[in-house]
Amino acid sequence: MDHFNIAASTPPGKGIFIAVEGVDGSGKTTAAKYLVRYLDEQLNAHRPEHDQRKFVHGTREPGDTPFAEAARELFIHAGSISAITATTLITAIRRDHWEKVIRPVIAQGGIVVSDRYLLSTLAYQNAAGGDFINGLHAAVIGKENDMPIIPSLTLFLKVDRDVANKRVADRAEKMVDHYEQLPEEEQLKRLDVYERYLKDINSLTIVTIDANVSEELVRAQIRKFVHEWVIPMIELRNMVALA
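Residues numbered from 1 in each chain as written. Predicted model: local features only at pLDDT ≥ 70, side-chain atom pairs only at ≥ 80, totals over all residues. Heavy atoms only, no water.

## A short note on the pattern of salt bridges
Argument step 1. The final tally for this structure, using the stated rule, is eight salt bridges.
Argument step 2. Note that lysine 100 and aspartate 96 form a salt bridge whose closest N and O atoms lie 2.9 Å from each other. A residue pair is termed a helical-turn pair when its members lie 3 or 4 positions apart in one helix, as lysine 100 and aspartate 96 do in helix H3 (residues 83-107) at four residues.
Argument step 3. Accessibility expressed as a relative area gives 9% for aspartate 96, which makes it buried. (Salt bridge = Lys/Arg side-chain N within 4 Å of Asp/Glu carboxyl O. Helix = DSSP H or I, 4+ residues; strand = E, 2+ residues; numbered from the N terminus. Buried < 20%, exposed > 50% of the residue type's maximum accessible area, 1.4 Å probe, protein only.)

## Topic: the sheet that holds strand S1 (residues 16-21)
Argument step 1. The five strands lie next to each other as S2-S3-S1-S6-S7, forming an open sheet whose pairing is parallel. Each edge of the sheet is formed by a strand with only one pairing partner; in this case those strands are strand S2 (56-60) and strand S7 (206-210). Each strand axis lies, on average, 20° off the axis of its neighbour in the sheet, ignoring direction.
Argument step 2. Note: strand S6 (residues 153-158) against S7, five bridges, orientation parallel. Counted as the bridge partner of phenylalanine 156 is threonine 208 from S7. (Pairing = 2+ DSSP bridges. Axes fitted to C-alpha atoms, helices over the stretch in contact; angles between N-to-C directions.)

## Re the side chain of glutamate 21
Argument step 1. Mapped onto the elements, glutamate 21 comes out in strand S1.
Argument step 2. It turns out glutamate 21 is buried and unbridged, and the closest side chain with the opposite charge, arginine 116, is 5.2 Å from it.
Argument step 3. Residues within four places of glutamate 21 in sequence aside, it is in contact with Lys28, Arg116, Tyr117, Leu118, Leu119, Ser120, Thr154, Leu155, Phe156, Leu157 and Tyr194. (Lys, Arg positive; Asp, Glu negative; His and termini not counted. Contact = heavy atoms within 4.5 Å.)

## A few points about the nonpolar core
Argument step 1. Ranked by internal contacts, the top residues of the largest apolar core, which has 51 residues, are Ile18, Leu35, Leu39, Ile111, Val113 and Phe225.
Argument step 2. When residues of this core are traced back to their parent elements, those giving at least two are S1, helix H1 (28-44), H3, strand S3 (111-115), helix H4 (118-124), S6, S7 and helix H8 (215-236).
Argument step 3. In contact with phenylalanine 225, other than residues within four places in its own chain, are Ile18, Leu35, Leu153, Leu155, Val207 and Val230.
Argument step 4. With six residues, the next largest nonpolar core counts Ala68, Phe75, Ala86 and Ile90 among its residues. (Core = buried A, V, L, I, M, F, W, Y, C linked by side-chain atoms within 4.5 Å.)

## Let's talk about the confidence of the model for the protein
Argument step 1. Of all residues in the protein, 70% have pLDDT values of 70 or greater, and the mean over the chain is 77.
Argument step 2. For the protein, per-element mean pLDDT is lowest for strand S5 (residues 147-148), which scores 54, and highest for S3, which scores 95.
Argument step 3. Below a pLDDT of 50 lies the segment residues 1-13, which in the model reaches 45 contacts outside its immediate sequence neighbourhood of four places, other chains included. (pLDDT = per-residue confidence, 0-100.)

## A few points about the packing of H1 against H8
For any two helices packed against each other, one specifies the crossing angle of their axes together with the interaxial distance.
Argument step 1. One way to put it is that H1 packs onto H8 with a least axis distance of 10 Å and a crossing angle of 50°. Here H8 runs oblique to H1, going by the angle between their axes. Between H1 and H8 the crossing geometry is right-handed. Every residue of H8 that contacts H1 at Thr30, Ala31, Tyr34, Leu35, Arg37, Tyr38, Leu39, Gln42 and Leu43 is listed here: Glu215, Arg219, Ile222, Arg223, Phe225, Val226, His227, Val230 and Ile234.
Argument step 2. Partitioning the contact of H1 with H8 into residue classes produces eleven nonpolar, three polar and four charged. (Parallel < 35°, antiparallel > 145°, perpendicular 65-115°, else oblique. Left-handed = near helix turned anticlockwise from the far one by under 90°. Nonpolar A, V, L, I, M, F, W, Y, C, P; charged D, E, K, R; others polar.)

Here it is, written out as structure tokens:
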């Protein structure tokens, strides 16, 4: 299979970019929102009262800019399009998202938590091929300060097929997202692709948590992720004094 190296991180001294990944039914969006809230609570508890900066910004892909939201609607209602066409559109949305949302926050030393990023493209547009996706990402997204624009940390919610399928089926009537409109067999294919890429990627920047358990137990794992991974990175970069 195509190999993708996700080992690099945001340049030292800048902010932190965290991607939350997982198949539909993993609880990814709920986890991302909780991560933003918990991080915000932790930082607010350890910074001076006069510092009113917004350190933590939650976002999603595709979306969160006027262009991205318009393109998201196009993507959702476009019907059947090829994997290469979909990947090209998603990558253009990501470039706009990077320029207008992610880069400004991390340039100021803040934290961005994104619901989906590159691993989702690798999983959902896998038919385009990993080499094509990686090459397009490198060409369109590019680099900042000679560093690839990829997350500092990726939190992956690992869930069993049966659990994910039941959760998706339980909320089937509420589905509005293109990703969540896929047939069951397509969802399972995406889970397989995620798992293959995770095995192929040899990097400590990807942290996997068990998403088969209750929401409270997932939250406990997220809190552990914050204290074992995110806060040490914050302290290392002197983004805010936590001592």
